Amino acid sequence: MLLRIDHVGVACHNLEEKIEFYESVFGLTVVSREVNEEQGVREAMLHVADGAQGASYVQLLEPLHPDTAVGRFLAKRGEGVHHIGYGVADVTKALEEIGAKGVRLIDERPRHGSMGASIAFLHPKDVGGVLTELVETSRR
Ligand code: V0V
Ligand code: CO
């Protein structure tokens, strides 16, 4: 069901500073920057690699307000890995299958994600403490 790691989401206080860090230390390149009001984030995707099943990225996330998912995470835990995003062929189908196994779905239906993807989150409490995102990419 999981095709690849699409992205690792990293929570940070200052997006521009973290982009500079990833560019200068790892030589990564920003391929997309978006504000996603629904998710409460300003985010950037940095391309890491291309694989047979598609590309993988680091997603840097800055909260739009303290009272958002990433804002609360930063206040509680500080900067660091926030979620893992796995590529799936069909996010609606994956949600059905995973939900049927008793895993709590944060999103019952797909939401708008970075670069035109359809995304949905699974509750970290049911995934061993890992906030897990399913990503159906619009890139083919
Ligand atoms: C919270 N918890 C986490 C966590 N965030 N555990 C692991 N990883 C995380 N990132 C734990 C937290 O420590 C609490 O456990 C418990 O879950 C409830 O958290 P809370 O402090 O009450 O925080 P809430 O109200 O923010 O709820 C947590 C959830 C929320 C996961 C339900 O953050 C959420 O709905 N996230 C999904 C949306 C999201 O994260 N969007 C931003 C990325 P204890 O302390 O009670 O044990 S947007 C994105 O990735 C996009 C657009 C994209 O990829 O394209
Ligand atoms: Co993400």
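Everything numeric here is computed off the predicted structure, so don't read it as measured data.

## Concerning the overall build of the protein
Check the secondary structure of the protein and you find 3 helices and 8 strands. Along the first, second and third principal axes, the C-alpha set of the protein runs to 40 × 35 × 25 Å. Looking at the 140 residues of the protein, the share that counts as buried comes to 44%. The long-range share in the protein, meaning contacts at least 24 apart out of those at least 6 apart in sequence, stands at 56%. If you sum the accessible surface of the protein, you get close to 7600 Å²; carbon and sulfur atoms cover 52% of it. Measuring between centres, the 15 positive side-chain charges of the protein sit 5 Å from its 21 negative side-chain charges.

## Points about the coordination of the cobalt ion (ligand 2)
Only His7 (NE2), Gln59 (OE1), His83 (NE2) and Glu133 (OE) from the protein coordinate the cobalt ion (ligand 2), and they sit 2.1 to 2.2 Å from it. Motif for the cobalt ion (ligand 2), donor spacing along one chain: H-x51-Q-x23-H-x49-E. With Gln59 in strand 4 (residues 54–63) and Glu133 in strand 8 (residues 132–136), this pair connects stretches of sequence that are 74 residues apart. Comparing Gln59 with Glu133, the two get one shared label, buried.

## What about the site of ligand 1?
Near ligand 1 you find 23 residues, and of these Lys76, His82, Ser114, Lys125 and Glu133 are the closest. Gln59 places a side-chain nitrogen or oxygen 3.0 Å from an oxygen atom of ligand 1. Within the contact set of ligand 1, an oxygen atom lies 2.7 Å away from a backbone nitrogen or oxygen of Ser114. Coverage of ligand 1 by the protein amounts to 77% of the 1000 Å² it exposes when considered alone.

## Quick word on the side chain of Glu43
On the secondary structure map, Glu43 appears in strand 3 (residues 41–51). Relative accessible area serves as the criterion here: at 3%, Glu43 is assigned to the buried category. A polar side-chain atom of Glu43 sits 3.3 Å from a polar atom in the side chain of Gln59. Residue contacts for Glu43: discarding those within four places in its chain leaves Leu15, Ser32, Arg33, Glu34, Gln59, Leu60, Leu61 and Ser114.

## Comments concerning the UniProt feature "domain: VOC" (unreviewed entry) in the protein
In the numbering adopted here, UniProt assigns the feature "domain: VOC" (unreviewed entry) to residues 4–137. Note that residues 4–137 is 23% helix and 43% strand, and that its end C-alpha atoms are spaced 11 Å apart.

## Quick word on the packing of aromatic side chains
Scanning the entire structure with this criterion turns up 3 aromatic pairs. Ring geometry for Phe21 against Tyr22: centres 5.7 Å apart, planes inclined by 70 degrees, an arrangement best described as edge-to-face. A relative accessible area of 41% places Phe21 in the partly exposed class. Tyr22 gets classed as buried once you look at its relative accessible area, which sits at 15%.

## Considerations on the sheet that holds strand 7 (residues 118–122)
Paired through backbone hydrogen bonds, the strands of a sheet run either parallel or antiparallel to each other. In space, the 8 strands of this open sheet follow the order 2-3-4-1-5-8-7-6, with mixed pairing throughout. Lying at the two open borders of the sheet, with one neighbouring strand each, are strand 2 (29–36) and strand 6 (111–112). Bridge count between strand 5 (residues 80–87) and strand 8: 4 bridges; the pairing is parallel. Bridge pairing in strand 8 links Gly85 to Glu133. In the packing of helix 1 (residues 15–26) onto the sheet, contacts are made with strand 1 (4–11), strand 2, strand 3 and strand 4, and the angle to strand 4 comes to roughly 145 degrees. Of the strands in this sheet, strand 7 and strand 8 touch helix 3 (residues 91–100), which is tilted by about 15 degrees from strand 7.

What counts and how
- Residues numbered from 1 in each chain as written.
- Chains lettered and ligands numbered in written order.
- Predicted model: local features only at pLDDT ≥ 70, side-chain atom pairs only at ≥ 80, totals over all residues.
- Heavy atoms only, no water.
- Helix = DSSP H or I, 4+ residues; strand = E, 2+ residues; numbered from the N terminus.
- Buried < 20%, exposed > 50% of the residue type's maximum accessible area, 1.4 Å probe, protein only.
- Contact = heavy atoms within 4.5 Å.
- Areas by Shrake-Rupley, 256 points an atom, 1.4 Å probe, with all protein chains shown as cover.
- Lys, Arg positive; Asp, Glu negative; His and termini not counted.
- Charge placed at Lys NZ, Arg CZ, Asp CG, Glu CD.
- Donors = N, O, S within 2.8 Å, 3.2 Å for Na, K, Ca; no water.
- Near = heavy atom within 4 Å.
- Polar contact = N/O pair within 3.5 Å; in protein donor to acceptor, adjacent residues only side chain to side chain.
- UniProt positions renumbered as here; feature names shortened; annotations may be inferred.
- Phe/Tyr/Trp six-rings, centres within 6.5 Å; stacked < 30°, edge-to-face > 60°.
- Pairing = 2+ DSSP bridges.
- Axes fitted to C-alpha atoms, helices over the stretch in contact; angles between N-to-C directions.

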